[in-house]
Amino acid sequence: MRPFWLQQALDSAQETVCPPLPGDARCDVCIVGGGYTGLWTALMLKEAQPALDIVLIEADICGAGASGRNGGCALSWSAKYFTLERLFGVAEAVRLVRESERSIGEIGAFCAANGIDCDYRLDGTLYTATNAAQVGASDAVIDALQRQGINSFRRLPLGQVQRLAGSARHLEGWFSPAAATVQPGKLVRGLRRVALQRGVRIHEGTPMTGLEHGAPVQVRTPHGTLRADRVVLGLNAWMARAFPQFERSVAIVSSDMVITEPCPDLLRQIGLDSGISVLDSRIFVHYYHNTSDGRLMLGKGGNTFAYGGRMLPVFDQPSPYRPLLRESLGGFFPALAEVPLAASWNGPSDRSVTGLPFFGRLHGQGNVFYGFGYSGSGVGPCHMGGQILSSLALGLDNPWTRSPLVQGPLGWFPPEPIRYLGSLLVRNAIRRKERAEDHGLRPRRLDVRLARFAAAAGKADKG
């Protein structure tokens, strides 16, 4: 069973699966992974050097991972400014905020220029508070953006917030126009189509079974060896299992989603008539937006944690949190409480210690590059990831290859079983804390302290 977005994209395009790699092969660049990261990298390499012979291998079909099942919210890093400044300094933080906002527009421009119909809507995003404890949580980071001259947010009057968000649950809201929503499955399949048109050789159903450093690098597959001068690893959540040295660099946790049957008239009645994305101020946020075919998608992160970074069977099944998501949907939108759900799904998110992705050279080698750890916010930043990885593969000296983002992991989780048990302890404390705040109660001090361990998991830095 495919997640809703990917299945919808497959049904609309009726494309032929690219055959597996049949035997040994040779290329200039091998890209492992057919999601946003791998495909953007391939496309940017082709744009820079059209003659490059690029082979992309994918274990399943392109988009089968996070790229075909995410929430479809293309967000910038502006709300993560404090984290960026703490890790990288003011100048690089400002540059990355600007680049992250530029990527949102460039994704739309690329889709328009190449006929990718992925329901791209540059209608902005709304960061809100849904209880009294969340009110004011974003003020400090907005002030910091303002001081640096990079603030795209403005506080809206409460009535306008509730109209834009379609719900009276919201008590405060900051709007930024620098955000978009997409149908993620159609985006990744569209990138695949353009990559094929530009001469990228794609082999689906071709997992990497081993990698040997050298010149050339040898990438093992079930039916042969692919020899490449350079290799780019775009495995994302699967990276930690493929290379044990990264096992503690990310925690694998689900993000769970539901989507309604079409109800365009009801959505118009409650005011959800644009492609705006709405996110509350929880640590594991609720996020939602409508779709071009008149549905409402709602999701929430931070649910199922994987022991040892394993890819659990539940990640390819309907969400076990469907009843809770159904309840949340009815809480935000009483008018939609009886609208049937078309589907639920979930998937693995590779959350880094910082909440930001990281890039580098595998084992310090100069011809094998990687990038992952998007932490549930990859739709926009994967475009930046493509710029970083293509620059590294081309051996360029530019702001991307000089960025501290290419220093590899900037923190490590504790070893198992401490990571897994600690994750559950913190997750449950967050749930208790936010449940108390929803009811206007003071949460337990221990829960507040434990919740701070997950601060990087939030979509926005808190002051």
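Residues numbered from 1 in each chain as written. Predicted model: local features only at pLDDT ≥ 70, side-chain atom pairs only at ≥ 80, totals over all residues. Heavy atoms only, no water.

K.L.:
Mind showing me how you'd approach the overall build of the chain here?
P.N.:
Each helix and strand counted, the chain has 13 helices and 18 strands in total. Over its C-alpha atoms the chain spans a radius of gyration of 21 Å, differing by no more than 12% from the 23 Å that the globule rule assigns to 463 residues. With respect to the principal axes defined by its C-alpha atoms, the chain has extents near 65 × 45 × 45 Å. Buried positions account for 62% of the 463 residues belonging to the chain. Look at the contacts in the chain between residues 6 or more apart in sequence, and 77% of them connect residues 24 or more apart. In the chain, 49 positive and 40 negative side-chain charges are present, and the distance between their average locations comes to 5 Å. (Helix = DSSP H or I, 4+ residues; strand = E, 2+ residues; numbered from the N terminus. Rg over C-alpha atoms; globule rule 2.2 N^0.38 Å. Buried < 20%, exposed > 50% of the residue type's maximum accessible area, 1.4 Å probe, protein only. Contact = heavy atoms within 4.5 Å. Lys, Arg positive; Asp, Glu negative; His and termini not counted. Charge placed at Lys NZ, Arg CZ, Asp CG, Glu CD.)

K.L.:
So what exactly am I meant to see when it comes to the pairing of strand β15 (residues 296–305) here?
P.N.:
Every other side chain in a regular strand lies on the same face of the sheet, so the side chains alternate between the two faces. Burial of β15 is extensive: 10 of the 10 residues sit out of reach of the surface. Here 6 bridges tie strand β12 (residues 250–260) to β15, and the two strands are oriented antiparallel to one another. Its bridge partner lying in β15, V258 is registered against L298. The pairing of strand β14 (residues 286–290) with β15 spans 5 bridges and is classified as antiparallel. Looking across to β15, one finds that H286 is bridged to K300. The hairpin turn running from β14 into β15, its antiparallel successor, is 5 residues long, and G294 in that turn takes a positive phi close to 80 degrees. (Pairing = 2+ DSSP bridges.)

K.L.:
Got a minute to help me understand the side chain of Q387 in this structure?
P.N.:
Position of Q387 relative to the elements: it lies in helix α11 (residues 381–393). By relative accessible area, Q387 is classed as buried at 15%. A polar contact is formed between the side chain of Q387 and the side chain of W400, at a distance of 3.2 Å. Not counting residues up to four positions away in its chain, the partners in contact with Q387 are M44, E99, S103 and W400. (Polar contact = N/O pair within 3.5 Å; in protein donor to acceptor, adjacent residues only side chain to side chain.)

K.L.:
How should I be thinking about a positive patch on the surface in this particular structure?
P.N.:
A surface patch of positive charge is lined by R442, R445, R449 and R452. Within the secondary structure, R452 sits in the segment after α13 (445–451). (Patch = residues over 30% accessible without salt bridge, like charges linked within 9 Å, V, L, I, M, F, W, Y side chains within 5 Å. Areas by Shrake-Rupley, 256 points an atom, 1.4 Å probe, with all protein chains shown as cover. Salt bridge = Lys/Arg side-chain N within 4 Å of Asp/Glu carboxyl O.)

K.L.:
Could you clarify how one ought to interpret the pattern of salt bridges in this entry?
P.N.:
Pairing of side chains with opposite charge becomes possible as their charged atoms draw close. In this structure the tally under the stated criterion is 26 salt bridges. Note that R220 and E212 form a salt bridge whose closest N and O atoms lie 2.7 Å from each other. Taking the relative accessible area as the measure of exposure, E212 reaches 35% and is therefore partly exposed. In this structure, R295 and D293 form a salt bridge, with 2.9 Å as the shortest nitrogen-oxygen distance.

K.L.:
Just to check I follow, could you spell out the packing of aromatic side chains for this structure?
P.N.:
Each pair of aromatic rings is reported with the distance of its centres and the angle of its planes. Applying the stated rule across the entire model yields 15 aromatic pairs. Ring plane angle 20 degrees and centroid distance 6.1 Å describe the contact between F4 and W345, whose orientation is recorded as stacked. Here F4 is found in helix α1 (residues 4–13), whereas its partner W345 is found in strand β16 (residues 341–352), with 341 residues between them in sequence. Residue classification places F4 among the buried residues on the basis of a relative accessible area of 15%. Classification of W345 by relative accessible area gives buried; the value is 2%. Ring centres 5.8 Å apart and planes at 75 degrees place the aromatic pair W5 and W345 in the edge-to-face group. (Phe/Tyr/Trp six-rings, centres within 6.5 Å; stacked < 30°, edge-to-face > 60°.)

K.L.:
Quick question: what am I supposed to make of empty space enclosed by the protein here?
P.N.:
By rolling a water-sized probe across the atoms, one finds the places where empty space is left. For the structure on display, the rule yields 9 cavities of 30 Å³ or more. Roughly 490 Å³ of volume is contained in the largest cavity. Lining the largest cavity are 34 residues, with N70, S349, G376, S377 and G378 sitting closest to its centre. Where the lining of the largest cavity is concerned, the elements lending two or more residues are α2 (36–48), β12 and β16. Sort the elements by how many residues they give to the lining of the largest cavity and β16 lands first, with 5 residues. Along the lines of polarity and charge, the residues of the lining of the largest cavity split into 16 nonpolar, 14 polar and 4 charged. (1 Å grid on protein atoms, 1.4 Å probe; cavity = no way out; pocket = protein on both sides within 12 Å on 5 of 7 lines; lining within 4 Å. Points joined across faces, edges and corners; volume = space filled by probe spheres on them. Nonpolar A, V, L, I, M, F, W, Y, C, P; charged D, E, K, R; others polar.)

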